[in-house]
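# Structural overview
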Amino acid sequence: MQLNAWSFAEDNYLFSAFDIAIKQYDHTMGLLIKNGTVVTAADFHRADVLIEGEHVKAIGHDLKADGAEVVDAKGMFVMPGGIDPHVHLDMPFMGTFSSDDYSTGTLAALHGGTTTVIDFILQTQGKSLRHALETWQGRMNGNLFGDLSWHMAVTDFNDDTKKEVKEMIEQEGITSFKTFMAYKGALMIDDRQMVGLMNEVKAHGGIVTVHATNGDMIDFLVQKHRTEGKLSPLYHYLSQPEITEAEATGRFADMASYTGVPAYIVHMTCEGALNHVREAARRNQRVLAETCIQYLLLDASLYEKPDGAKWVMSPPLREKKDQAALWGAIDQGTVQVVATDHCPFSMEQKAMGKDDFSKIPNGHPAIEHRMELLFSEGVNKKRITVNKFVEVTATNPAKIFGMFPRKGTIGIGSDADIILFDPNEKHTLSAKTHHMNTDYSGYEGMQLTGKVKTTILRGQVAVHNGEVKIKKGYGQFVKRNKVSGML
Ligand SMILES: [Zn+2]
C-alpha cells in the first residue's frame, strides 16, 4: 500500500513538471520582483524573482532581465498566492443564491491575495454528476477573474454515479468528492453510500471530503427548539452542539480507515472533532483536516446579539476553548488548511429567517480577508510562524488537492501566483471598503496589521494597490491531478 502511494505521488509531480515544461514559453512578457523577502512554506530569504510568461523563471540575488517590468518589493514579503479550497459562489441554497457570483467572488479573493479557489458543485439527487457539472459550467464560464477548480459534491451515490467518478477524475480533473453527513433529503448520503463512494474514489486516485455533522441529531434539536418556540439565532447554535460534529467526524474517520481512501474533513470547528482526528493518528491513519478563519477568531457569544444572523453558518461558531484547540492543532500539523467556507448573503437574504433561525441562509463572507486575518491574528500574535502561514493558506491546499508544485509555492517553473505583502501596514475591515458582494462584514471595524499590496496571477499583475489590472475572463479553470492523501 505504502509503496503504491509513493509512486503515485511521484507520478503526480512528474505530470506537473511536464505540464509546466510545455507551457513555459507561451508568453514573452517579463516581470522582475526586486528587493523583497521571499517566503514559502520552507524558505525565508532575500531574493529577486523573475517571471517569464505565466511562470517563475528564476529566484536569486541581483537578477537582471532586459525589457522586464520591474516591481520594487522593498519591505515586502513575497509569498505564494493563497488557495482557498472551500468557497461557495453563485450557489443555490435555502431558496436563494449565495450573493457573490464567479466574477465578484474571484475578484474579491484577488484583492485579498487569494489567487485560486476551489468551489463546490452540488449534484441534484436523482440526477447525474455530469448534469451538475454542466449546470455549474453555465454559471461559471467566462466570469472568472481568478483561477478556480471544483469539488464534486456527491449527494446520491448509485450504480450510475459510480461510473462517473473515474470520468470526473480522468477527463475533468475533478479529483475531490464532497459528501454531507447532514441535510437529509437534500444533500446527505447514508453510510452505505459513503463507503461505496470511498471505495470507488480510492480506486481512481481521488480524495473524499466531508461535512462531518450528524444530520439526524441536529434535525432532532432543530425540531425540538421550533416546537418550543425557541426561534432566535442562538438556537441555531444550540441545535448543533459539539457532540454532533465529534460523532460524525469519528464515524467518517472510521469509514475512511475501513476503505483506505484519502480523507479530508472540511470546516472543523471543535476540540471534540479534533480528538477523533488525533485518535486516527494514533492508529497510524492520516485524516486531513481543514478549519476556517472564523472558527479561529470568532465565538458563539455573537449569537446572542440582535444581528446574530450574520454569523449563522454550519457548523456554528464555537467556544474559546475550541479556538485554542484549533490554533494548537495548526501548529502541531493536525489541521493542515485554513479556508473560509465563504458563502455570503445580504442582510435582506439573512432576513428570510428573522422569525425562525432554521430559515436563515447559512453562511458568511470571508473570501477577501482570510489571508490578512490569519497573518494579523496568527503570525503577528506569534501563534504561528510565517512559513506555517504559507503552508496552511497555499502549499497544503495545493498538495492535498493535486495542484502542487504548479501552484502553492514560489518555485522555478511554478505558476507565477505571487503576492506582495506589507507586514506592517495597518488597516480596518469594513463592508464600506470590501469588494465582496454583501452589505455587511462579520469583522466590521476590526483592525489588522499586514496588507496585501499586489496580487500577481500567472505572471500578470491582477490587483495593485486596490486597482484591478485584469479583465473578467482572465481566470482559468484548473484541472487537478490525482492525489495520494499524503503531504
Ligand atoms: Zn461549505
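Calculation criteria
- Residues numbered from 1 in each chain as written.
- Predicted model: local features only at pLDDT ≥ 70, side-chain atom pairs only at ≥ 80, totals over all residues.
- Heavy atoms only, no water.
- Helix = DSSP H or I, 4+ residues; strand = E, 2+ residues; numbered from the N terminus.
- Rg over C-alpha atoms; globule rule 2.2 N^0.38 Å.
- Buried < 20%, exposed > 50% of the residue type's maximum accessible area, 1.4 Å probe, protein only.
- Contact = heavy atoms within 4.5 Å.
- Areas by Shrake-Rupley, 256 points an atom, 1.4 Å probe, with all protein chains shown as cover.
- Lys, Arg positive; Asp, Glu negative; His and termini not counted.
- Charge placed at Lys NZ, Arg CZ, Asp CG, Glu CD.
- Domains from an automatic or database assignment.
- Buried area = accessible area lost by both parts, 1.4 Å probe.
- Salt bridge = Lys/Arg side-chain N within 4 Å of Asp/Glu carboxyl O.
- Polar contact = N/O pair within 3.5 Å; in protein donor to acceptor, adjacent residues only side chain to side chain.
- Nonpolar A, V, L, I, M, F, W, Y, C, P; charged D, E, K, R; others polar.
- 1 Å grid on protein atoms, 1.4 Å probe; cavity = no way out; pocket = protein on both sides within 12 Å on 5 of 7 lines; lining within 4 Å.
- Points joined across faces, edges and corners; volume = space filled by probe spheres on them.
- Donors = N, O, S within 2.8 Å, 3.2 Å for Na, K, Ca; no water.
- Expected span 1.5 Å × (residues − 1).

## Comments concerning the overall build of the protein
Assigned secondary structure in the protein consists of 14 helices and 19 strands. Over its C-alpha atoms the protein spans a radius of gyration of 21 Å, differing by no more than 12% from the 23 Å that the globule rule assigns to 487 residues. Referenced to the eigenvectors of the C-alpha coordinate spread, the extents of the protein come out at roughly 70 × 50 × 45 Å. Here the protein holds 487 residues, and 63% of them are scored as buried. Across the protein, every contact between residues at least 6 apart in sequence was considered, and the portion connecting residues at least 24 apart equals 77%. Counting only carbon and sulfur atoms, one obtains 51% of the accessible surface of the protein, whose full area is about 18800 Å². Separation of charge centres in the protein, based on 51 positive and 60 negative side chains, amounts to 2 Å.

## Re the domain arrangement of the protein
One can read the domain layout of the protein as domain 1 (2-79 + 411-468) and domain 2 (81-400). When each unit is reduced to the centre of its C-alpha atoms, the spacing between domain 1 and domain 2 is 25 Å. Listed as interface residues are 39 residues of domain 1 and, on the opposing side, 48 residues of domain 2. Here domain 1 packs against domain 2, burying approximately 3400 Å² in sum over the two surfaces, 65% of which is carbon and sulfur. Three residues, M436, Y440 and Y443, lead the burial of domain 1 against domain 2; their summed loss comes to 22% of the area buried on that side. Viewed at the interface, domain 2 and domain 1 are joined by one salt bridge. Linking R458 and D147 is a salt bridge whose minimum nitrogen-to-oxygen distance equals 2.8 Å. In this assembly, domain 1 and domain 2 are joined by 18 residue pairs in polar contact (both at pLDDT 80 or more). Those elements giving two or more residues to the side of domain 1 that touches domain 2 turn out to be strand 5 (77-80), strand 16 (418-428), strand 17 (447-457) and strand 18 (460-464). Element by element, the count of residues in the side of domain 1 that touches domain 2 is highest for strand 17, at eight residues. Here the side of domain 1 that touches domain 2 is built from residues that sort into 23 nonpolar, 11 polar and five charged.

## Points about empty space enclosed by the protein
What the rule picks out here adds up to three cavities of 30 Å³ or more. If you add up the space inside the largest cavity, you get close to 180 Å³. Forming the walls of the largest cavity are 17 residues, and the residues nearest its centre are H88, M91, F93, Y183 and D341. A per-class count over the lining of the largest cavity returns eight nonpolar, seven polar and two charged.

## Points about the layout of surface pockets
Think of a ball as big as a water molecule: rolled over the atoms, this probe shows where empty space is left. What the second largest pocket holds in volume is close to 410 Å³. Y183, I218, D219, V222 and Q240 are, among the 21 residues lining the second largest pocket, the residues nearest its centre. Considered class by class, the residues forming the lining of the second largest pocket number nine nonpolar, 10 polar and two charged.

## Structural notes on unusual backbone geometry
Looking along the chain, the bond that leaves S314 and enters P315 is cis, with omega of -5°. Take P315: it is sitting in the loop between helix 10 (293-297) and helix 11 (320-332). At the junction of F404 and P405, the peptide bond is cis and its omega measures out at 5° in the coordinates. Here P405 shows up in the loop between helix 14 (386-400) and strand 16. The backbone of N35 shows a phi angle near 70°, a positive value even though the residue is not glycine. Among the secondary structure elements, N35 is positioned in strand 1 (residues 30-39). One non-glycine residue, D90, lies in the positive phi region at around 45°. Assignment of secondary structure puts D90 in the loop between strand 6 (82-87) and strand 7 (92-93). Judged by relative accessible area, D90 falls into the buried class, the value being 17%.

## Let's talk about the coordination of the zinc ion
Protein-derived coordination of the zinc ion comes from H86 (NE2), H88 (NE2) and D341 (OD), at a distance range of 2.0 to 2.2 Å. Mapped onto the polypeptide sequence, the residues donating to the zinc ion form the spacing pattern H-x1-H-x252-D. Comparing H86 with H88, the two get one shared label, buried.

## Section: helix 14
For helix 14, with 15 residues, the first-to-last C-alpha span of 20 Å sits near the 21 Å given by 1.5 Å per residue. In terms of burial, helix 14 is largely enclosed, as 13 of its 15 residues are buried. Backbone geometry just downstream of helix 14 places G402 in the positive-phi region, at approximately 75°.

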